[in-house]
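Tertiary structure, described
Here are the chains, one letter per residue:
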Amino acid sequence: ADRLKVAVVNDIHYDPYYDETTSTDKFCRMNTPIQTVTGDISYQPSPYGHFGCDSPKKLVDLVMTKMKDIQPDTDIILVSGDYLAHGFSVDTKGQPHYELLKQTIQYVFVDLLSSHFPNAIILPSIGNNDIKYHYLAPTQEDEASDYYNFFADVLFNQVPGNKKLKLDLLDSILTNGNGTSIVDDKDSLAYPNWAETFLSRGYFRYDHDFGPDGDGFYLSFISLNTLYYSLGAPFKQADIMKQQLDWLEQQLRTSEDDRKFVIYFHIFPGEFQVSAETYFWDDESTSRFSSIMDQYGDRISTLLGAHTHLADLRVNVQPPTKDVPNPTSKVVLLVTPSISPQHLNNPGFTVFTIENNVAKNAKFVFFELFKLPRTEGEATFNELDFATEMGIDTITPKKVQAFIQNLSSSTWSFYRYLAHKLGYTGLVEPVGVALHMKLGSVGFSSSQIFV
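These notes cover the structure that comes with them. (Residues numbered from 1 in each chain as written. Predicted model: local features only at pLDDT ≥ 70, side-chain atom pairs only at ≥ 80, totals over all residues. Heavy atoms only, no water.)

A few points about the state of the cysteines
In the structure shown here, the tally under the stated rule is one disulfide. Across the disulfide from Cys-28 sits Cys-53; the S-S distance is 2.0 Å. The disulfide joining Cys-28 to Cys-53 has a torsion of about 70 degrees about its S-S bond and is therefore right-handed. Of this pair, Cys-28 sits in the loop between β1 (3–9) and α1 (57–70) while Cys-53 sits in the loop between β1 and α1, placing them 25 residues apart in sequence. Look at Cys-28 and you get buried, because its relative accessible area is 0%. (Disulfide = S-S within 2.5 Å. Helix = DSSP H or I, 4+ residues; strand = E, 2+ residues; numbered from the N terminus. Buried < 20%, exposed > 50% of the residue type's maximum accessible area, 1.4 Å probe, protein only.)

Some remarks on the pattern of salt bridges
On inspection of all chains with the given rule, the structure shows 21 salt bridges. A salt bridge links Asp-146 to Lys-102; the shortest N-O distance between them is 2.8 Å. Taken as a pair, Asp-146 in helix α3 (residues 144–158) and Lys-102 in helix α2 (residues 98–113) lie far apart in primary sequence, 44 residues in all. A relative accessible area of 9% means that Lys-102 is categorised as buried. A salt bridge links Asp-312 to Lys-421; the shortest N-O distance between them is 3.7 Å. In this pair, Asp-312 is assigned in strand β8 (residues 312–315) and Lys-421 in helix α9 (residues 411–421), connecting sequence segments 109 residues apart. Assessed through its relative accessible area of 3%, Asp-312 is described here as buried. Taking the relative accessible area as the measure of exposure, Lys-421 reaches 8% and is therefore buried. Here the salt bridges do not stand alone but share partners, grouping Arg-205, Asp-207, Glu-256 and Arg-259 into one network. (Salt bridge = Lys/Arg side-chain N within 4 Å of Asp/Glu carboxyl O.)

Structural notes on the packing of aromatic side chains
By the definition in use, this model includes 26 aromatic pairs. Plain terms: the ring middles of Phe-364 and Phe-386 are 4.9 Å apart, the flat faces sit at 70 degrees to each other, and that makes the pair edge-to-face. Placement of the pair is Phe-364 in strand β11 (residues 358–367) and Phe-386 in helix α7 (residues 386–390), with a sequence separation of 22 residues. Each ring, one from Phe-403 and one from Tyr-417, has its centre 5.5 Å from the other, and the planes form 75 degrees; the classification is edge-to-face. Of the two residues, Phe-403 is situated in helix α8 (residues 397–409) and Tyr-417 in helix α9; the sequence distance between them amounts to 14 residues. With respect to burial, Phe-403 and Tyr-417 carry one shared label: buried. Members of the aromatic cluster, connected to one another through ring pairs, are Tyr-83, Phe-109, Tyr-147, Tyr-148, Phe-150, Phe-151, Phe-198 and Phe-204. Looking at Lys-132, its charged tip hangs above the ring of Tyr-98, at a distance of 4.8 Å from the centre. (Phe/Tyr/Trp six-rings, centres within 6.5 Å; stacked < 30°, edge-to-face > 60°. Lys NZ or Arg CZ within 6 Å of the ring centre and 35° of its normal.)

The following block contains the structure:
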């Protein structure tokens, strides 16, 4: 078939210590070995979570069950970082919970995700809460080899849907350091790239080509490890920062003319709270990435980002010049909603299809946590269908830029969009707008995603 069904889940922030009898001012936790974030307001949480706290198992199971109802035959699930609750990852002066962190990552991928979608390919990108030290990508001198070999074992030996992959690896290289392969089925390994990039630096490419022997159309997924570029990182790993962007440019430059790429990452380039001028990446890396996107944008199907917990649509439009008075974007960035309601958002996920290398049929689906249901039967969801609600039947720069331009000229549409980003629709849309204002992110940041 020339149609691929994709789902995106991110910022799951699974919290095994969630306790519905403990109020939100204690982060809904009791008797936890990890750091507890202190909330500012005390509310009694529900079995399915509460605003200001991370995700209990019941919430993750509820969301995955709904995703299966909507798209039961999902082909690929992209898990765009922050699998674990806040507190597993600590600052560099804190006491790490490294073994517990790895055990919980394994639980998320094997027990929470794969149990609902045993036949789906599940591919990660790494978030700032998924490693030993907060915002610090595993260093070559410390735990990089151990962490990425552990993760490879989980992905390729324990996630059932991934065992059918032809991965970008060499079995002679992909070992645990003792000469023993960490992948059970070495015959499935085909290429050298994964061993070179994922096992040491946490980024990779996966090709999912259609038709016999690829005689259909060519599609690749690139997972970038954007922790290296985050301004939150305790220090820079400059060599790897450059190597990853060199590698990305090489993948795009040397690909077949008709190959398209889905590029996804946890921390995306650009700004979040315009009034505070908050940017996510360092300037040099942002400029380099933007230049690569401008040069090879015609090879990008879509970009996917996470991290903020809020849904969003963005384009990269350069400032107008005399020669180009009406610049157009080369790429689209789809920022997908989080499962965790920690940022006052309703939990959400994303589904779309890729047909003939074009992303379409996109939906944000939100669990209406604000109703605080006590049972699964009381749980309700709402769907934000891109085509019917935003006029975006295909996720292309032209369509998305037109939608954003409409927002900039219509106050009503803009504020309604702010509410939708947090999963509020209908009569409760004013609540979503008010919460957006509380977060301090009501500026019109969608006009430029990189600069």
